[in-house]
Amino acid sequence: MITRTKYDPKEVEPKWQSQWDADQIYHASDNSSKPNFYNLVMFPYPSGDLHMGHWYNYSPFDAYGRFKRMQGYNVMQPIGFDAFGLPAENAAIKRGIQARTWTLSNIDNMRKQLRAMGAQWDWQREVVTCQPEYYKWTQWLFLQFYKQGLAYRTKAPANWCSSCNTTLANEQVLADNTCERCGSVVIRKEIDQWLLKISSYAERLLDFAEVEDWPEKTITMQRNWIGRSEGAEIRFKAEIAGQQEEIPVFTTRPDTIYGATFFVLAPEHPWVEKITTPEQQAEVEAYVGQARRMTEIERMSSEKEKSGVFTGGYVTNPVSGEKTPVWIADYVLMSYGAGAIMGVPAHDQRDFEFARKFSITIREVIRASDEEPSDPTTWTEAREALGELVNSGPFNGTPAAEAKARVIDYIEEKGIGTRKINYRLRDWLISRQRYWGAPIPIVYCPEHGTVPVPEDQLPVWLPENVQFKATGESPLRYEPDFVNTTCPVCGGPATREADTMDTFIDSSWYYLRYADPHNSEVPWSPEKMQQWLPVNQYVGGIEHAILHLLYARFFIKALHDMGHITFDEPFKRLFHQGMVLGADGQKMSKSRGNVEAPDKYVEKYGTDTVRCYMMFIGPFDAGGSFRAENLEGIWRFLNRVWSLIGESWIDHPNTVETKDSQAIERLRHKTIKRVTEDLKHFHFNTALAGLMEFNNALIKQQHNPVAQSATYQKALQTLLQLLAPFAPHITEELWQQSNHKNSIHTSEWPVYEEELTKDEAFTLVIQLNGKVRERIEVAADISEEEVRTLALNNPRVQSFIGTAKILKVIYVPGKLVNIVVRPA
């Protein structure tokens, strides 16, 4: 028996954290004989403190990694810091210190907190994205994209946050037209910018065949964002300055071409200036100026009233030959299709609203076969394009299901258009006009133009001591030692690109660097990629479904095509955790006053209690409310485990088998199966519930003779091993006190025998016409014939049947039998 002491996490937890660190038991060897398993959580931004969201994310994730280690895998579970970005820069400006100083100070603090969580972090693989040894390779990756024509610079309208003084990718603008970082209104602004050609990978990014287990919701979100649509590009014609010119239009419904009663250009379209008549010029210019001040999201809002202006010009419909008036309207975007649409108001609601507002003809061209003709001016909304074509010249009577293909065949035959696939996905804007990011490795030479920095001159160092402007402008533009350089080609005077890269570039490849974090010659070796990638299990929030996850997939596909890696998807399995809420059931926020910091609860109850509680509050993918008073329940559970092992463990148990020991052995196998299956599926709350039940069952027997048996002692050992992933410190202490030499976290995960997980008996419910009349204990392997005999011969059941006629006997195996009778 172990000497009884009070459970004191303040003594136990630091002791084992130090020991694990000294023994390096969580460092994943590159030369292990065990199968490798890459367990990854999205790395944190160094804000300075771990909050309950971190604990809710990392505790279950770590339990899963520990479970895989005990199952015999060589688990790599690294951690690092996504350390560049606007929050650190803004905090530094506010406090009058350098962004690097602020960031590294926060990282030091968060390292301590992460260690105190007791997670099996492989600290030898840590990466920090703001360190030169990391961003050197971020710049190297940019150059690889540049060489392949996947990185380019252009002047184009961009989303601009005047508060952050930088551009934003479309994905970083919220639905209410505000910046996701600071909440300021986003405007459109023309600026020179660097982009990555993610659009070239649109079709490939729609294919998820290479992933093993991703949430269907995430796959759907990415597919919707990419926005693949099939249709045709039709070339309308116009006479400009006596010359016949063509303007292409993409449409998903070429079958409605005869219903096009107006033509719309985006305000930014280069044809606006060409086709606008002198009489309309002032009105058009005013409208264009107004539209440029709006964001794409604002312009596309379904709640916004339609607006537009007539250019005075016309185009010719190449199929019908009809002259069609040309308008400009802000609901048409240059970023979709060719920046021009044919307006078919009868069968498109946006076009219908526009036509009604500006008194434009509405022409029905598809009608249900059983529907009578009607006057479109009396309609209250556009009608669904189902049925067959009408008012469509030679295509009249064509079923709608066939019309699209027939019209496309016609326009291709006539040479006035082609089949085409269009995508909503736009190229990724990566330029940021701020300081705290990886410098873009480009030099501008008066003679040689845009010149990439040679790879052997990387990294392009980010200056560490800079003077921030009150306006928030990037200080890099005013650092002569940074901006002024020499051309790599001619050696003459040149200037550096002063923009830095979007921090999503850093997080698009960090998981690759974990596999080979100290390599100074290359970003990773092919051998390490072969050993560890792709990631076996990735855990993180669904808020990254479009941004980070889509960008990471793009990076991997592009690097695969360049020959730098051999796999095509970064993450085999993906799991999204839910959100931990305040006690009021609302998202934690300072404004609500419901934010809970973990530190005081760790101080009071210990790490293991907080870890287990965060796993017990609800399903991992659903989240739950943090209620401090409920920590007491987990605290009592761990103390009962401590007392049970301390009072019941014996070194030399007897081997006599009894009915009680057989029942304990069956419960042990059932519990192993339950916890194993729950951990496989990230059902941490129900796994803990099973362990609590197992613990209670063993407590009930601890003062009975069965507690002296080898079977009971084996059950105690199993309890510790199954609990170890959830509560690593207390189980390690009790394991060592139970005379085990090696760490519990390197012991083998218990296995179960399927036969022993089955009940020996169950309570058979006997019903008569659906009403319960009797319950009897029967053997688990009882046959249907035996059930029938037992039920019909049971005296109590016979008394209810009486003289009634038995019509049938229905047996639900393992549960009930229902005797259906009819009164005599």
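Procedures and definitions
Residues numbered from 1 in each chain as written. Predicted model: local features only at pLDDT ≥ 70, side-chain atom pairs only at ≥ 80, totals over all residues. Heavy atoms only, no water. Core = buried A, V, L, I, M, F, W, Y, C linked by side-chain atoms within 4.5 Å. Buried < 20%, exposed > 50% of the residue type's maximum accessible area, 1.4 Å probe, protein only. Helix = DSSP H or I, 4+ residues; strand = E, 2+ residues; numbered from the N terminus. Contact = heavy atoms within 4.5 Å. Phe/Tyr/Trp six-rings, centres within 6.5 Å; stacked < 30°, edge-to-face > 60°. Lys NZ or Arg CZ within 6 Å of the ring centre and 35° of its normal. Pairing = 2+ DSSP bridges. Axes fitted to C-alpha atoms, helices over the stretch in contact; angles between N-to-C directions. Polar contact = N/O pair within 3.5 Å; in protein donor to acceptor, adjacent residues only side chain to side chain. Domains from an automatic or database assignment. Salt bridge = Lys/Arg side-chain N within 4 Å of Asp/Glu carboxyl O. Patch = residues over 30% accessible without salt bridge, like charges linked within 9 Å, V, L, I, M, F, W, Y side chains within 5 Å. Areas by Shrake-Rupley, 256 points an atom, 1.4 Å probe, with all protein chains shown as cover. Lys, Arg positive; Asp, Glu negative; His and termini not counted. Charge placed at Lys NZ, Arg CZ, Asp CG, Glu CD. Expected span 1.5 Å × (residues − 1). Arc of directions from axis to C-beta. Parallel < 35°, antiparallel > 145°, perpendicular 65-115°, else oblique. Left-handed = near helix turned anticlockwise from the far one by under 90°. Nonpolar A, V, L, I, M, F, W, Y, C, P; charged D, E, K, R; others polar.

Next up on the list: the nonpolar core. Core analysis: the biggest nonpolar cluster contains 176 residues, and Trp428, Tyr511, Leu512, Leu533, Phe554 and Phe726 have the highest contact counts within it. At 11 residues, the largest contribution of residues to this core is made by helix H17 (residues 547–562). Those residues in contact with Leu533 that lie beyond four places of it in its chain are Tyr38, Tyr511, Leu512, Ala515, Lys528, Phe567 and Pro570. Counting residues in hydrophobic clusters, the runner-up holds 53 residues, among them Val272, Ile341, Phe354 and Trp379.

We now examine the packing of aromatic side chains. Scanning all chains against the criterion turns up 54 aromatic pairs. With 5.0 Å between their ring centres and 55° between their planes, Phe236 and Phe263 make a pair best called tilted. One end of the pair, Phe236, is in strand E6 (residues 229–240); the other, Phe263, is in strand E8 (residues 262–265), with 27 residues separating them in the sequence. These aromatic residues form a ring-pair network of at least three members: Phe37, Tyr56, Tyr64, Phe67, Tyr73, Phe575, Phe620, Phe682, Phe684 and Trp749. For Arg424, the ring lying beneath its charged end belongs to Trp225, and the centroid distance is 4.2 Å.

Time to look at the environment of Leu550. Considering the arrangement of structural elements, one finds Leu550 in helix H17. Residue Leu550 is classed as buried on the basis of its relative accessible area, which comes to 0%. Leu550 has contacts with Ile198, Leu205, Gln222, Trp225, Ile226, Leu425 and Ala545, leaving out every residue within four places of it along the chain.

Turning our attention to the sheet that holds strand E23 (residues 571–575). Across the sheet, 4 strands lie side by side as E2-E1-E22-E23; this open sheet has parallel pairing. Looking along the sheet, the strands with just one partner apiece sit at the ends: strand E2 (74–76) and E23. Across the sheet, the mean angle separating the axes of adjacent strands is 25° when strand polarity is ignored.

What follows covers the sheet that holds strand E29 (residues 816–822). With respect to topology, 4 strands assemble into an open sheet ordered E27-E26-E29-E28, the strand pairing being mixed. If you trace the sheet from one side to the other, it starts and ends with strand E27 (771–779) and strand E28 (805–812), each paired once. Each strand axis lies, on average, 20° off the axis of its neighbour in the sheet, ignoring direction. Bridge count for strand E26 (residues 761–768) against E27 is 8 bridges, and the pairing is antiparallel. Bridge pairing links Gln767 to Val772 in E27. Against the sheet, helix H25 (residues 784–793) engages E26, E27, E28 and E29, with an angle of about 130° to E28.

Tracing the sequence through the fold places Lys557 in helix H17. At a separation of 3.0 Å, a polar atom in the side chain of Lys557 contacts the side chain of Asp568. With near-sequence residues (within four places) excluded, Lys557 lies in contact with Tyr201, Arg204, Leu205, Asp207, Asp568 and Glu569.

A word on the environment of Thr261. Mapped onto the secondary structure, Thr261 falls in the loop between strand E7 (243–251) and E8. Taking the relative accessible area as the measure of exposure, Thr261 reaches 8% and is therefore buried. Distance from Thr261 to Ile505, taken between C-alpha atoms, is 45 Å for residues 244 residues apart in sequence. Once residues lying within four places of it in the same chain are set aside, the contact partners of Thr261 are Thr324, Pro325, Gly343, Pro345, Ile360, Thr361 and Arg363. Side-chain polar atoms of Thr261 contact the backbone oxygen of Thr361, separated by 2.6 Å.

Further remarks concern the domain arrangement of the protein chain. Here the domain parsing of the protein chain yields domain 1 (228–423) and domain 2 (759–822). Each of domain 1 and domain 2 was reduced to a C-alpha centroid, and the two centroids are 71 Å apart.

A few words now on the side chain of Arg668. Within the fold, Arg668 resides in helix H21 (residues 659–680). The buried category is assigned to Arg668, whose relative accessible area is 5%. One polar contact links Arg668 to Thr718, side chain to side chain, over a distance of 3.0 Å.

A few words now on unusual backbone geometry. Of note, the bond from Leu458 into Pro459 is cis; its omega dihedral lies within 30 degrees of zero at 5°. With respect to the secondary-structure elements, Pro459 resides in the loop between strand E18 (449–452) and helix H13 (480–483). Omega for the peptide link from Leu533 to Pro534 comes to 0°, which places this bond in the cis form. Here Pro534 shows up in the loop between helix H16 (526–532) and strand E22 (535–539). One non-glycine residue with positive phi stands out, namely Ser359, at about 55°. Summarising the element assignment, Ser359 is placed in the loop between helix H11 (349–357) and strand E12 (366–367).

All chains considered together, the criterion is met by 42 salt bridges. A salt bridge links Arg125 to Asp30; the nearest nitrogen and oxygen atoms lie 2.9 Å apart. Residue Arg125 is found in the loop between helix H4 (99–116) and helix H5 (132–147), and its partner Asp30 is found in the loop between helix H1 (9–23) and strand E1 (36–41); the two are separated by 95 residues along the sequence. Residue classification places Asp30 among the partly exposed residues on the basis of a relative accessible area of 22%. A salt bridge links Arg66 to Asp62, with the nearest nitrogen and oxygen atoms 2.9 Å apart. Here Asp62 and Arg66 lie together in helix H2 (residues 52–70), a separation of 4 residues that amounts to about one turn. One network of salt bridges, with partners in common, ties together Arg204, Arg553, Lys557, Asp561, Asp568 and Glu569.

Looking now at a negative patch on the surface. Side chains of Asp781, Glu784, Glu785 and Glu786 sit close together on the surface and give a patch of like negative charge. Here Asp781 lies in the loop between E27 and H25. Judged by relative accessible area, Asp781 falls into the exposed class, the value being 68%.

Okay, the pairing of strand E11 (residues 340–343) next. Where burial is concerned, the two faces of E11 agree: the one with Ala340 and Met342 and the one with Ile341 and Gly343 are both buried. Judged from the 4 bridges that link them, E8 and E11 form a sheet pairing that is antiparallel. In the strand pairing of E11, Leu265 is matched with Ala340.

Moving on to helix H9 (residues 281–292). Because an α-helix packs 3.6 residues into every turn, residues spaced three or four apart end up facing the same way. Over its 12 residues, H9 extends 17 Å from the first C-alpha to the last, a length consistent with the 16 Å expected when each residue adds 1.5 Å. Of the residues making up H9, those classed as buried are Val284, Tyr287, Val288 and Ala291. Seen end-on, H9 carries its buried residues on one side only, within an arc spanning 100°.

We now examine the packing of helix H3 (residues 86–95) against H4. With their axes 8 Å apart at the nearest point, H3 and H4 run at an angle of 110° to one another. Taken together, the axis directions place H3 and H4 in an arrangement best described as roughly perpendicular. The handedness of the crossing between H3 and H4 comes out as right-handed. Judged by residue contacts, Ala88, Glu89, Ala91, Ala92 and Arg95 of H3 engage Ala99, Trp102 and Thr103 from H4. Here the contact of H3 with H4 is built from residues that sort into 5 nonpolar, 1 polar and 2 charged.

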